Amino acid sequence: MDEHLIEQYRYFLKDSIRKEIDFSQTDQNKSVDAPPLEKPYRADALRIDLAKPGTWKDIAGLDLVAAIGHRESRRAYTQEALTLEEISFLLWATQGVRGEVVGSHAYRTVPSAGCRHAFETYLVILNGKGLDQGVYRYLPLTHQLLFEFSEDRLARKLVDVVFRQPYPGNAAVTFIWTAIPYRMEWRYHLAAHKVIALDAGHVCQNLYLACEAIGAGTCAIAAYDQEALDRLLRIDGKDEFAIYLSPVGKVRD
Ligand SMILES: Cc1cc2nc3c(=O)[nH]c(=O)nc-3n(C[C@H](O)[C@H](O)[C@H](O)COP(=O)(O)O)c2cc1C
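Re the overall build of the chain
Alright, step 1. Counting its regular elements, the chain contains eight helices and nine strands.
Alright, step 2. In terms of overall dimensions, the chain is globule-like: its C-alpha atoms have a radius of gyration of 19 Å, near the 18 Å expected for 253 residues.
Alright, step 3. Seen through its C-alpha atoms, the chain measures out along the principal axes to roughly 50 × 50 × 40 Å.
Alright, step 4. By residue count, 47% of the 253 residues in the chain fall in the buried class.
Alright, step 5. Split by element, the accessible area of the chain, about 13,000 Å² in all, is 52% carbon and sulfur.
Alright, step 6. In the chain, 30 positive and 34 negative side-chain charges are present, and the distance between their average locations comes to 1 Å.

Have a look at this one:
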């Protein structure tokens, strides 16, 4: 192994980079407007209202201790569809906004460094009750699901982009998180990238626990073909790129 290279990569995990940054020169401190809290969309795009917390009727009661105790990576799913109510719950648990948006701060159900929340959530829906197959995106500010596009042979393409790991092909829904790094760089400059990676862990852990609560299972996936997944999502791969995904389906247990 190239020791120098290893050292460089380890450096990314350290907070030493803070000493090298002139924080007076961040865009935030230069009074550049904060970037949008969610990726903009066309006004005429199809948006589906999601069920809000408090309106869920068929969601199993959450026993937090049991959910934590039973959490495991689940890679085998039944053919049961996920309902819109269940999808609403999972989206809220992973990226939902709690309370009012205050300026450039939209506090959510997960923590994020500086409340910057640099992620977008895409869903590849293969088996959603009453929902067409396709790629969708969560709109946390209005708690809606945006229909992005449909695509032929979506299950097959999804399996291909994760180096033929088969589970997303059998899942009802696959969560795919992209990063829009500038949202974090605006405040933290070069210290942004480590905290983006830390933030992703919180999101996926909430998905694991929320799945346990509704008799579903998930399995984090970080092994994917970067260019192919970005292409599949029709994103530019530069200012927005995929960083993590997790297929979800009902489990037999
Ligand atoms: C960052 C990260 C990346 C992972 N990537 C994959 C993956 O690409 N494929 C896979 O089958 N499991 C993946 N996993 C799941 C791990 O293999 C799993 O968490 C580990 O074996 C421990 O099992 P448990 O989650 O059931 O406790 C990943 C987990 C994490 C946290």
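Thoughts on the environment of Gln28
Alright, step 1. When you line up the elements, Gln28 lands in the loop between helix H1 (3–11) and strand S1 (47–49).
Alright, step 2. Residue classification places Gln28 among the partly exposed residues on the basis of a relative accessible area of 26%.
Alright, step 3. Distance from Gln28 to Arg187, taken between C-alpha atoms, is 5.3 Å for residues 159 residues apart in sequence.
Alright, step 4. Excluding residues that lie within four positions of it along the chain, Gln28 makes contacts with Trp186 and Arg187.

Here is what the cut-offs are and how they apply
- Residues numbered from 1 in each chain as written.
- Predicted model: local features only at pLDDT ≥ 70, side-chain atom pairs only at ≥ 80, totals over all residues.
- Heavy atoms only, no water.
- Helix = DSSP H or I, 4+ residues; strand = E, 2+ residues; numbered from the N terminus.
- Rg over C-alpha atoms; globule rule 2.2 N^0.38 Å.
- Buried < 20%, exposed > 50% of the residue type's maximum accessible area, 1.4 Å probe, protein only.
- Areas by Shrake-Rupley, 256 points an atom, 1.4 Å probe, with all protein chains shown as cover.
- Lys, Arg positive; Asp, Glu negative; His and termini not counted.
- Charge placed at Lys NZ, Arg CZ, Asp CG, Glu CD.
- Contact = heavy atoms within 4.5 Å.

On their own, these measurements won't tell you what the molecule is for.
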